[in-house]
Amino acid sequence: MTNQTGFVSFVGAGPGDSGLITNKGLKSIKKADVILYDRLVNPRLLREAKKTCDFIYCGKLPNRHIMRQEKINETLIEQAKLGQYVVRLKGGDPSVFGRVGEEAEALVNEGIEYEIIPGVTSSIAAAAYAGIPVTHRDYSNSFTLRTGHASVTKETVDNTYNGQYLGETIAYYMGVKSLKTNCHTLIEQGKTPQTKVAVIEWATLGKQRVVEGTLETISDIVETENIKNPAMTIIGDVVSLRQKIKWFDKKKFIGKRVLVAKSSGTSFDLEDYFTGHGAEAYSFPTVKMEEAAFTNGELTKALQSDRIIFTAPESVDTFLSSMLNHSFDIRDLPRDIQFLSEKTRKKLMEKGIIATKAEFSEKTTAVISPSGKKIDQSLFVDSHVFRSHAWERDHRFDELNERILTEDNWQTVIFPNKASIDSFIAEIERLRIELKALSFAYIGESVKKYAIQCGFTHVDQEVQNDLENNKWKR
Ligand code: SAH
């Protein structure tokens, strides 16, 4: 046993929408050496982790059993004892049907320090995104969280309901399968059969679906509509307010499922845009940047050139930070600094450098560029290329991506450029994922042409319109 003890941060990831995590929770993710995460955690949150952070999945996988609770406790202890900063990332709030009690107790027994960072629990979030206030002066002055699912130690759910709570709001977690029984019990215990009920599937995400009924009708409706877990049941008069207050359902792309093909370090702007408009959007493949470490000799050689061309914003970052590490600063750069794209120009500007657009020159030139980038040879006579970084598949996301791509019914893939088509196809093949009848959208005619060559046939006009209007660029 080492005496270097780590720390465990229990973090509530929120209900789904990745924006619903707390600032403190996000900081913890950024700091983590290892993250143990559950099935219902939004995988987009893991992108915020360090490149060196390990991910351990604690949920169910196809053909595999869920990680047992004792095993989870053991792993937390083991990792903390290695001196790691461990994040235990749980869906919603860690204390609400989240077993944080058991896990924290195990840590106390081992003398391991921890913190518990609350999250937005899915009942409150689901209600909010369905346009249902959980309390309301005219309808309900209490709110109860229940499990709809019998705990292992109990045969049945204890739904004891005394008449005095009539008219109040109840949320059932994990209750899709036992919905019928639970509604029936509530009626037996005195709730009127006409009491309103809403069931919200995949709340706060683009794939959110809401069905409404009463204690009498809801279980049939849920069955007809094929509502599955995760789903939240909200019972009470407040549900009637939904018709007027609902807002999330009104978003333009609600229910739409779009993949955004990614080639390199392109931004998540498209994913953000479509998510913001109610779609379920996911960028794929997941890549991470491997930074090159420049040697003193390389830096000296590059800095002695008459001019430097940066071909990507990340090249500016890695080159300048490498310079500082070797005790060079921006005064050591040649006067002539050039860029290829607007993004790189901006990055240089942030660093206090007003650069010019790269054009032909006979001067000796250092080109600072990511690997794999084609470089226009007509810009110089004599040049030396220094690789600043490479974009590589982030294999920590392999299982996650496989699950995400196969579980959801993706309808459309957006290709922002040609390279993204190649990288998308290669990654689908590598992970052996089959996507049926995927329509596509594109940026630029040449990209469209190439997508058709690659076998994509049908353009998703609805998505395409927003791409063409450049709406996503703000
Ligand atoms: N700690 C979590 C709950 C874990 S129990 C929290 O605070 O929310 C898991 C149950 O939560 C699911 O069976 C489902 O009933 C509910 N749930 C979690 N995420 C949900 C979502 N996005 N939409 C609807 N229900 C959700």
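Basis of the calculations
Residues numbered from 1 in each chain as written. Predicted model: local features only at pLDDT ≥ 70, side-chain atom pairs only at ≥ 80, totals over all residues. Heavy atoms only, no water. Salt bridge = Lys/Arg side-chain N within 4 Å of Asp/Glu carboxyl O. Buried < 20%, exposed > 50% of the residue type's maximum accessible area, 1.4 Å probe, protein only. Near = heavy atom within 4 Å. Polar contact = N/O pair within 3.5 Å; in protein donor to acceptor, adjacent residues only side chain to side chain. Areas by Shrake-Rupley, 256 points an atom, 1.4 Å probe, with all protein chains shown as cover. Nonpolar A, V, L, I, M, F, W, Y, C, P; charged D, E, K, R; others polar. Domains from an automatic or database assignment. Phe/Tyr/Trp six-rings, centres within 6.5 Å; stacked < 30°, edge-to-face > 60°. Helix = DSSP H or I, 4+ residues; strand = E, 2+ residues; numbered from the N terminus. Lys NZ or Arg CZ within 6 Å of the ring centre and 35° of its normal. Patch = residues over 30% accessible without salt bridge, like charges linked within 9 Å, V, L, I, M, F, W, Y side chains within 5 Å. Pairing = 2+ DSSP bridges. Axes fitted to C-alpha atoms, helices over the stretch in contact; angles between N-to-C directions. Contact = heavy atoms within 4.5 Å. 1 Å grid on protein atoms, 1.4 Å probe; cavity = no way out; pocket = protein on both sides within 12 Å on 5 of 7 lines; lining within 4 Å. Points joined across faces, edges and corners; volume = space filled by probe spheres on them.

A short note on the pattern of salt bridges
Two side chains of opposite charge can pair, provided their charged atoms sit close to one another. Under the counting rule described, the total for this entry stands at 29 salt bridges. In this structure, Glu102 and Arg99 form a salt bridge, with 3.7 Å as the shortest nitrogen-oxygen distance. Glu102 sits in the partly exposed class, given a relative accessible area of 39%. Notably, a salt bridge pairs Arg242 with Asp249, separated by 3.0 Å at the nearest N-O pair. Residue Asp249 is classed as partly exposed on the basis of its relative accessible area of 25%. What emerges from the salt-bridge pattern is a single network uniting Asp38, Arg88, Lys90 and Glu103.

Section: the site of the ligand
Within the structure, the ligand sits among 18 residues, and Asp93, Val96, Thr121, Ser122 and Ala231 are positioned closest to it. Asp93 places a polar main-chain atom, nitrogen or oxygen, 2.8 Å from an oxygen atom of the ligand. One of the side-chain N or O atoms of Ser122 is found 2.6 Å from an oxygen atom in the ligand. For the ligand, the protein covers 91% of the area, taking 540 Å² as the surface of the free molecule. Residues of the shell around the ligand, tallied by class, amount to 12 nonpolar, five polar and one charged. In this structure, the shell around the ligand is formed jointly by two domains, domain 1 (7-120) and domain 2 (124-248), each of which donates at least three residues.

Remarks on the packing of aromatic side chains
Scanning the entire structure with this criterion turns up 19 aromatic pairs. An angle of 40° between the planes, with centres 6.4 Å apart, marks the rings of Phe415 and Phe440 as tilted. Of this pair, Phe415 sits in strand β20 (residues 412-415) while Phe440 sits in strand β21 (residues 439-442), and the two are 25 residues apart along the sequence. Comparing Phe415 with Phe440 shows no difference in burial state: the two are buried. Each member of the aromatic cluster is reached from another via a ring pair, and the members are Phe284, Phe415, Phe424, Phe440, Tyr442 and Phe456. The lysine or arginine in question, Lys207, covers the ring of Trp202, its NZ or CZ lying 3.8 Å from the ring centre. Here Lys262 stacks its cationic end above the ring of Phe268, 4.3 Å away from the centre of that ring.

Side note on the domain arrangement of the chain
Partitioning the chain into structural domains gives domain 1 (7-120), domain 2 (124-248), domain 3 (257-286 + 394-469) and domain 4 (290-390). Summarising the inter-unit geometry, the C-alpha centres of domain 2 and domain 3 are found 35 Å apart.

Quick notes on a nonpolar patch on the surface
Residues Phe97, Leu145 and Met174 make up a contiguous nonpolar surface patch of about 240 Å² in total accessible area. With respect to the element layout, Met174 can be found in the loop between β7 (169-173) and α5 (179-188). Note on Met174: relative accessible area 36%, which makes it partly exposed.

What about the sheet that holds strand β6 (residues 143-147)?
Strands sit in the order β6-β7-β10-β8-β9 across an open sheet of five strands; the sheet is mixed. The two strands at the open ends of the sheet, each matched to only one other strand, are β6 and β9 (209-214). Going across the sheet, the axis of each strand differs from the next one's by a mean of 20°, ignoring polarity. Bridge analysis of strand β8 (residues 196-201) against strand β10 (residues 231-235) gives five bridges, and the strand direction is antiparallel. What sits directly across from Val199, in β10, is Thr233. Contacts between helix α4 (residues 122-129) and the sheet are confined to β6, β7, β8 and β10, with β10 contributing the most and set at about 75° to the helix. α5 rests against β6, β7, β8 and β10 of the sheet, and its axis sits at about 155° to β7.

Quick look at unusual backbone geometry
Negative phi is the rule for most residues except glycine; trans is the rule for most peptide bonds. For the bond from Asn229 to Pro230, the omega torsion is -5°, close enough to zero to count as cis. Along the chain, Pro230 falls in the loop between α6 (218-224) and β10. The omega torsion of the bond from Phe284 to Pro285 falls at -5°, within 30 degrees of zero and hence cis. Mapped onto the elements of the fold, Pro285 is located in the loop between β12 (280-284) and β13 (287-291). Phi at Thr204 is positive, roughly 75°, even though this residue is not glycine. Within the secondary structure, Thr204 is located in the loop between β8 and β9.

Observations regarding the environment of Glu168
Along the chain, Glu168 falls in the loop between β6 and β7. Distance in space between the C-alpha atoms of Glu168 and Ser142 is 5.5 Å, their sequence separation being 26 residues. Discounting residues that sit within four places of it in the chain, Glu168 has contacts with Ser140, Asn141, Ser142, Lys191, Ile235 and Gly236. For Glu168, the side chain forms a polar contact with the side chain of Ser142, separated by 3.3 Å.

Overview of the pairing of strand β3 (residues 54-57)
Only one face of β3 is buried, namely the one carrying Phe55 and Tyr57, since none of Asp54 and Ile56 on the opposite face is buried. By the bridge criterion, four bridges tie strand β2 (residues 34-37) to β3 in an arrangement that is parallel. Bridge pairing in β3 links Tyr37 to Tyr57.

Overview of empty space enclosed by the protein
Throughout the structure, instances matching the rule amount to two cavities of 30 Å³ or more. Considering the residues around the largest cavity, the lining is formed by 18 residues, among which Pro43, Trp202, Lys207, Arg403 and Ile404 are closest to the centre. Listing elements by their share of the lining of the largest cavity, those giving two or more residues are β12 and α12 (398-407). In terms of residue count, α12 provides more of the lining of the largest cavity than any other element does, three residues in total. A class-by-class count of the residues in the lining of the largest cavity yields nine nonpolar, two polar and seven charged. Volume-wise, the second largest cavity comes out at about 30 Å³. Along the walls of the second largest cavity sit Ile309, Thr311, Leu340, Val367, Ile375, Asp376, Leu379 and Phe380, which together make up its complete lining. Residues belonging to the lining of the second largest cavity are distributed by class as follows: six nonpolar, one polar and one charged.

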